[in-house]
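Single-letter residue listing:
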Amino acid sequence: MSITINSKLPAVGTTIFTVIGELANRHQAINLGQGFPDFSAPQALLERVDHHIRQGHNQYAPMAGVARLREAIAAKIEQSYGRPVSADREVTVTPGATVALYCAITACVRPGDEVIVFDPAYDSYEPAIELSGGRAVHLPLLPPAFAVDWQRVKDAITPRTRMIILNSPHNPTGATLLAEDLATLAELVRDTDILLLSDEVYEHLVYDGVTHQSLLQHDELAARAFVVFSFGKTYHVTGWKTGYCIAPAALTAELRKVHQYVTFVAVTPIQLALADFMQSCPQHHQQLAAFYQRKRDLFCEQMAGSRFHFSPAKGTFFQLMDYSEISDQEDLAMAEWLTREQGVAAIPVSVFYEEPPAARYVRFCFAKEDETLIRAAELLCRI
Ligand code: PMP
Ligand code: GLN
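From a predicted model like this one, the values you see are computed outputs, not experimental measurements.

Quick word on the overall build of the chain
Part 1: Per the secondary structure count, the chain includes 14 helices and 12 strands.
Part 2: Taken against the 2.2 N^0.38 rule, which gives 21 Å for 383 residues, the C-alpha radius of gyration of the chain at 21 Å falls within 12% of a compact globule.
Part 3: If one aligns the C-alpha atoms of the chain with their principal axes, the spans along those axes are about 60 × 55 × 50 Å.
Part 4: In the chain, which comprises 383 residues, the share counted as buried stands at 56%.
Part 5: Taking all contacts inside the chain whose residues are at least 6 apart in sequence as the whole, residues at least 24 apart take part in 76%.
Part 6: Within the structure as shown, the chain displays about 16800 Å² of accessible surface, and the carbon and sulfur contribution to it stands at 51%.
Part 7: Charged side chains of the chain number 32 positive and 44 negative; the gap between the two group centres comes to 4 Å.

The following block contains the structure:
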């Protein structure tokens, strides 16, 4: 007899990043799909990991994270966003932002709760909501600006609304929230018990003089928010899966109740190395916006002669491109075709929607060596 299982996530398959990544490998396509750099992290950071492993720092870290790292994070938060946070009670290091998001959702969402998400939404939010018995309420971000329609948010709020999930700079559109957005959000949630989960993993990747608006800069919002960051994006080490969550002490206490049983801790030598590097190279993140803006501009310049249409991303290391002049096939088929036949892997955007719009977009990652971007653009310009 074979066992049958009643799936708790019947609509979920393998993530698009794995699907396209495997296809790219099989066809040896240039992989501008999944978001990861093809260049190295700073040597000094790599050396510190080696150092700590050899020094024998290979056992469990403290549950909330290595103290030195939490202190370095608290100092960076104060410097970047002007908010003093307690390293002991408000900072938790997690194995990637993904785990922080999962723990925050699981700690707060109960059966029957509604959670507002904005489509296109990063794909890890909804499964976590569903596993907690909650329901994602999807609101669209409309092209070309992909801004939040706050009237729709207001209309969508009900007594069951438990949480609103924000993501700025936004994957996959590159859109960024403005100070006015945060002010409007504050008005909407005032006098409610709605919690906020703010995914700010691309905090330093903002371009053209725009500054990142963190919920941590806003007293009223920060008082009810879990704010999530990733070392993977900031230090070019996505494979290290190390991130952190900043939240008021009462929220952090609940998050840690889940974190301690989901994973207990993040990896020790990686945390120690990051703490060292944050101390020895505090300016690292200040150069990131210029570094990635140059890559964005290079990719966009190289793509100017193509039949793709786009406006340069305002943030993140992703560039959306409208392919409607080239093809009217659906974006999954288009992404597969680009990967298989044209030698450049891309991510279809419809997978991040409950109800995909008619627009035809694929997402390219420009966190790549210049030569990779130039070669990819050459191939894409031939189409
Ligand atoms: N949120 C967004 C919007 C992302 O793009 C990613 C991508 N990796 C994550 C969260 C997860 O970050 P991490 O790899 O640190 O888990
Ligand atoms: N965040 C990365 C992206 O959007 C992928 C992470 C993953 O593979 N889950 O490409």
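Comments concerning the site of ligand 2
Part 1: Close to ligand 2 lie Phe17, Gln34, Gly35, Tyr122, Asn171, Tyr202, Lys233, Phe318 and Arg363.
Part 2: Between ligand 2 and asparagine 171 there is a distance of 2.8 Å, counted from an oxygen atom to a side-chain nitrogen or oxygen.
Part 3: Within the contact set of ligand 2, an oxygen atom lies 2.7 Å away from a side-chain nitrogen or oxygen of arginine 363.
Part 4: Here ligand 2 has 300 Å² of accessible area as a free molecule, and 81% of this is covered by the chains.
Part 5: The cavity where ligand 2 resides is the largest pocket.
Part 6: Its residues placed into classes, the shell around ligand 2 shows 4 nonpolar, 3 polar and 2 charged.

With respect to the side chain of serine 350
Part 1: In this structure, serine 350 sits in the loop between β11 (347-348) and β12 (361-365).
Part 2: Note on serine 350: relative accessible area 19%, which makes it buried.
Part 3: A distance of 2.6 Å separates a polar atom in the side chain of serine 350 from a polar atom in the side chain of aspartate 331.
Part 4: Beyond its immediate stretch of four places on either side in the chain, serine 350 contacts Asp331 and Pro356.

A word on the site of ligand 1
Part 1: Neighbouring ligand 1 are 13 residues; Thr98, Asp199, Tyr202, Lys233 and Lys241 lie closest to it.
Part 2: Residue tyrosine 202 places a side-chain N or O atom 2.6 Å away from an oxygen atom belonging to ligand 1.
Part 3: Look at ligand 1: alone it shows 380 Å² of surface, and the protein chains cover 93% of it.
Part 4: According to the grid-proximity analysis, the pocket containing ligand 1 is the largest pocket.

Details of the packing of aromatic side chains
Part 1: Applying the stated criterion across every chain yields a total of 21 aromatic pairs.
Part 2: Arranged with centres 5.9 Å apart and planes meeting at 65 degrees, the rings of phenylalanine 146 and tyrosine 361 form a pair that is edge-to-face. Highlighted residues: phenylalanine 146 in the loop between β4 (135-140) and α6 (150-156) and tyrosine 361 in strand β12, separated in sequence by 215 residues. The same class applies to phenylalanine 146 and to tyrosine 361, which are both buried.

A short note on the nonpolar core
Part 1: With 68 residues, the main nonpolar core has Phe226, Phe299, Phe308 and Phe364 as its most contacted residues.
Part 2: By residue number, the principal contributor to this core is helix α4 (residues 97-108), which donates 8 residues.
Part 3: Look past the residues within four positions of phenylalanine 364 in its chain and what remains in contact with it is Leu32, Phe299, Phe308, Phe317, Phe318, Gln319, Met321, Leu338, Val344, Ala345, Ala346 and Leu380.
Part 4: In terms of nonpolar packing, the next biggest core, distinct from the first, is built from 62 residues, Leu185, Val189, Ala222 and Val265 among them.

Overview of helix α1 (residues 16-27)
Part 1: If you check α1, its first and last C-alpha atoms are 16 Å apart, about what 12 residues at 1.5 Å a residue would give, namely 16 Å.
Part 2: Looking at α1, one finds that the buried residues are Ile16, Phe17, Ile20, Gly21, Leu23 and Ala24. One face of α1 carries all of its buried residues, which in axial projection span an arc of 165 degrees. Residues of α1 that are exposed and point more than 90 degrees away from the buried face comprise Asn25 and Arg26.
Part 3: Where α1 is buried, its residues contact β1 (30-31), α13 (331-341), β10 (344-345), β11 and β12.
Part 4: Of the residues one or two after α1, glutamine 28 is the one with positive phi, at around 50 degrees.

About the cut-offs
Residues numbered from 1 in each chain as written. Chains lettered and ligands numbered in written order. Predicted model: local features only at pLDDT ≥ 70, side-chain atom pairs only at ≥ 80, totals over all residues. Heavy atoms only, no water. Helix = DSSP H or I, 4+ residues; strand = E, 2+ residues; numbered from the N terminus. Rg over C-alpha atoms; globule rule 2.2 N^0.38 Å. Buried < 20%, exposed > 50% of the residue type's maximum accessible area, 1.4 Å probe, protein only. Contact = heavy atoms within 4.5 Å. Areas by Shrake-Rupley, 256 points an atom, 1.4 Å probe, with all protein chains shown as cover. Lys, Arg positive; Asp, Glu negative; His and termini not counted. Charge placed at Lys NZ, Arg CZ, Asp CG, Glu CD. Near = heavy atom within 4 Å. Polar contact = N/O pair within 3.5 Å; in protein donor to acceptor, adjacent residues only side chain to side chain. 1 Å grid on protein atoms, 1.4 Å probe; cavity = no way out; pocket = protein on both sides within 12 Å on 5 of 7 lines; lining within 4 Å. Sits in = over half its atoms within 2 Å of the grid points. Nonpolar A, V, L, I, M, F, W, Y, C, P; charged D, E, K, R; others polar. Phe/Tyr/Trp six-rings, centres within 6.5 Å; stacked < 30°, edge-to-face > 60°. Core = buried A, V, L, I, M, F, W, Y, C linked by side-chain atoms within 4.5 Å. Expected span 1.5 Å × (residues − 1). Arc of directions from axis to C-beta.

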